[in-house]
Amino acid sequence: MNGSLVFSPRVLKTLQNLPLSERSLITTALAEEYIFGQDPHRLLTPLQSIIYTMISFYVQRDNPHLA
């Protein structure tokens with residue numbers, strides 16, 4: 001990834017409202033994709049993958065340079 005990455009209040013609030021175990025996995029998945037360029041879905045269950053996709057959509061909307 002080139003450039004900066006902003007986590008908006010909406011993303012942070014969504015992460016903070018997740019149970020701790022889910023929060024850790026979703027945060028790790030965000031790092032896998034946006035920092036390391038890896039596919040994060042291999043780490044997640046189907047339900048976690050849906051939650052991750054929603055949060056990832058927020059990140060992409062808040063960071064237009066990612067699109």
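Refer to the structure presented above.
This text gives an overview of the structure that appears in the document. Computed from a prediction, not measured in an experiment: that's the story for all the values here. (Residues numbered from 1 in each chain as written. Predicted model: local features only at pLDDT ≥ 70, side-chain atom pairs only at ≥ 80, totals over all residues. Heavy atoms only, no water.)

1. Considering the overall build of the protein
- Helix and strand content of the protein: three helices and zero strands.
- When the helices and strands of the protein are listed from N to C terminus, the series reads α-α-α.
- Across the 67 residues that make up the protein, the buried fraction comes to 30%.
- Put simply, 52% of the contacts in the protein that link residues at least 6 apart link residues at least 24 apart.
- When the accessible surface of the protein is split by element, carbon and sulfur atoms take 61% of a total near 4400 Å².
- Positive and negative side-chain charges in the protein, numbering 5 and 5 respectively, have mean positions lying 10 Å apart. (Helix = DSSP H or I, 4+ residues; strand = E, 2+ residues; numbered from the N terminus. Buried < 20%, exposed > 50% of the residue type's maximum accessible area, 1.4 Å probe, protein only. Contact = heavy atoms within 4.5 Å. Areas by Shrake-Rupley, 256 points an atom, 1.4 Å probe, with all protein chains shown as cover. Lys, Arg positive; Asp, Glu negative; His and termini not counted. Charge placed at Lys NZ, Arg CZ, Asp CG, Glu CD.)

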